[in-house]
Amino acid sequence: MRVSVFGMGYVGAVTGACLAQMGHEVIGVDPSAVKLDLISSGKSPILEEGLNELLAEMVKLGRLKVKSSCDQAVAESDVSLICVGTPSLPNGALQTRFVERVSEEIGEALRSKNAYHSVVVRSTVLPGTTASLVVPALEKASGLKAGRDFGISMHPEFLREGTSIADFYNPPMTVIGSSSKSEFDKLCGLYEGALSVSGERLHCSVSTAEAMKYGCNIFHALKITFANEMGMFCKRAEVDAREVMEILCRDNKLNISDKYMKPGFAFGGSCLPKDLRACINFGKKADVAMPMAEGILSSNRLQIEQASERIMAFGKRRISLLGISFKEATDDLRESPLVHLAEILIGKGYDVRIYDPNVKYASIFGSNKDFIDIELPHLKSVLVESEQALCHAEVLVYGHNAETYRKTIPMITPDQIVLDLANITSVDCVAGKYEGLYW
């Protein structure tokens, strides 16, 4: 395939060299004459292990060329990859002027091209950027329509400096965001052949691909910060943090897995809040700041506050909560976020009913009964059966995702509102108005 790569910095130079090694004809485009001169002489414009040798070989074989003319690059290629930088502005906002300018230049070149052309955003941009900035710039400059006259997709990269060539051929996955199956298939074809790229190919929407890249980077930053805060915590406790983290990472059932990694409501229970507070308290006594751990508790409280605000914004007074324990299949109410949510609503004067088959006052004993009697004496008066909860509600709040609650979904009437905190259903399955927590 013939590929033009716009922006021959870190991502563009590695991508261009590797695509050329796979047998594609690659044209590198960059406004910097210095970069173009270096590449044309077989030298890398960046310091990256193995890239000098790979560029030199690809240039010598004629598979990688560089041009300063955008028109010529687009005319002589089938696919254009936008790989320009998106640095931070002083206020932290993303600078997208390079992406916009390249999109305009590609659009101008497309105006005089008769053949169908695919444009691929590989630069890291915020969700909505391709739709709100790239596509309008391309369409205005070209006079053409995206999806009809030219292809558009978002294809984030997963290249780490120092290991980028190895990462190119062995990515964790290949993500291609596009509304077109043919564009997805076309880009997948870039990575097939005798020398192919490993990993799963994933097709999603453009905005999902944009957001997913940010999710990955934020998660990586979170993991590093977590390991460092654990290091500080362990150091003060005279424990070897390396050994702790090595053992922690051996758990691929809960720790290094997809468990707890789905958007949903706040956490609670007898362990997580208590242990976070103990860790933070220990750190304070030992003069060890743990801002990430403190931020976890703050963020968790925010989930509950935002859910209450969403409910109150409906302007209805009769609310039924389906689920009250800290998670489904348990009767444990300790630090349940749904209890906190109920407390806020009752305190604001809302007429609340609660259905949870695992929490029935008559059958509760021990610490849970004591908890209700001392901490939540009013809770026993609002615990009802499912039919009563459904009949009472102007707003139904699903806090758990379990079969007993799924059975109530067909009974929802068109005049009822559903707030789904547990991803139990979808808008197509609800007769009334439906809102998901984050979907």
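Shown above is the structure to which this text applies.
The structure displayed is predicted, hence computed values, not measured ones.

Chemist: So what's going on with the nonpolar core? Which residues, and what values?
Modeler: Membership of the largest hydrophobic core comes to 34 residues, with the highest contact counts inside it found for Leu19, Leu81 and Phe168. Put simply, the parts of the chain that give this core at least two residues each are strand S1 (2–6), helix H1 (10–21), helix H3 (51–61), strand S4 (79–82), helix H7 (164–169) and helix H8 (181–190). At 8 residues, H1 tops the list of elements feeding residues into this core. The residues touching Leu81, leaving out its near neighbours within four places in the chain, are Val3, Ser4, Val5, Phe6, Thr15, Leu19 and Val120. In this structure, Val29, Ile106, Leu110 and Met212 belong to the second largest nonpolar core, which totals 31 residues.

Chemist: Report on H8, specifying residues and quantitative values.
Modeler: Since one α-helical turn is 3.6 residues long, residues separated by three or four positions face the same way. Buried within H8 are the following residues: Glu183, Phe184, Leu187, Cys188 and Leu190. Projected onto a plane normal to the axis of H8, the buried residues spread over an arc of 140 degrees and lie on a single side.

Chemist: An account of empty space enclosed by the protein is needed here, citing residue identities and associated values.
Modeler: This structure, assessed with the given rule, holds 1 cavity of 30 Å³ or more. Put simply, the largest cavity is a space of about 110 Å³. What lines the largest cavity is a set of 13 residues, and nearest its centre among them are Arg122, His155, Phe168, Pro171 and Thr174. Its residues assigned to classes, the lining of the largest cavity comprises 8 nonpolar, 2 polar and 3 charged.

Chemist: Go over the layout of surface pockets with me, naming the residues and quoting the values.
Modeler: Taken as a whole, the second largest pocket encloses approximately 940 Å³ of empty space. Looking at the lining of the second largest pocket, the elements with two or more residues in it are H1, helix H5 (97–111) and helix H9 (206–236). When the residues that make up the lining of the second largest pocket are grouped by side-chain class, the tally is 17 nonpolar, 10 polar and 11 charged.

Reading the values: the criteria
- The residue numbers shown here count from 1 along each chain, following its written sequence.
- The model is predicted, so local features are restricted to residues of pLDDT at least 70 and side-chain atom pairs to those at 80 or more, both for listing and for counting; the totals for chains, interfaces and linings are taken over all residues.
- Hydrogens and water are ignored here; the side-chain numbers use all heavy atoms of the structure.
- Take the buried residues of types Ala, Val, Leu, Ile, Met, Phe, Trp, Tyr and Cys, join any two whose side-chain atoms come within 4.5 Å, and each joined set is a nonpolar core.
- Relative accessible area decides the class of each residue, using a 1.4 Å probe on protein chains only: under 20% of the type maximum gives buried, over 50% gives exposed, and in between gives partly exposed.
- In DSSP terms, a helix is any run of H or I states spanning at least four residues, a strand is any run of E spanning at least two, and both are numbered starting from the N terminus.
- Any pair of residues with heavy atoms lying within 4.5 Å of one another is described as a contacting pair.
- The reported arc concerns the directions from the helix axis to the C-beta atoms and nothing else.
- Here a cavity is any set of points on a 1 Å grid over the protein atoms alone where a 1.4 Å probe fits but cannot get out, and a pocket is any open set with protein on both sides within 12 Å along at least 5 of 7 lines; a residue lines the site when it has an atom within 4 Å of a point.
- Grid points are joined across faces, edges and corners, and a volume is the space filled by probe spheres set on the points.
- Here the term charged refers only to Asp, Glu, Lys and Arg, the term nonpolar to Ala, Val, Leu, Ile, Met, Phe, Trp, Tyr, Cys and Pro, and the term polar to all other amino acids, Gly among them.

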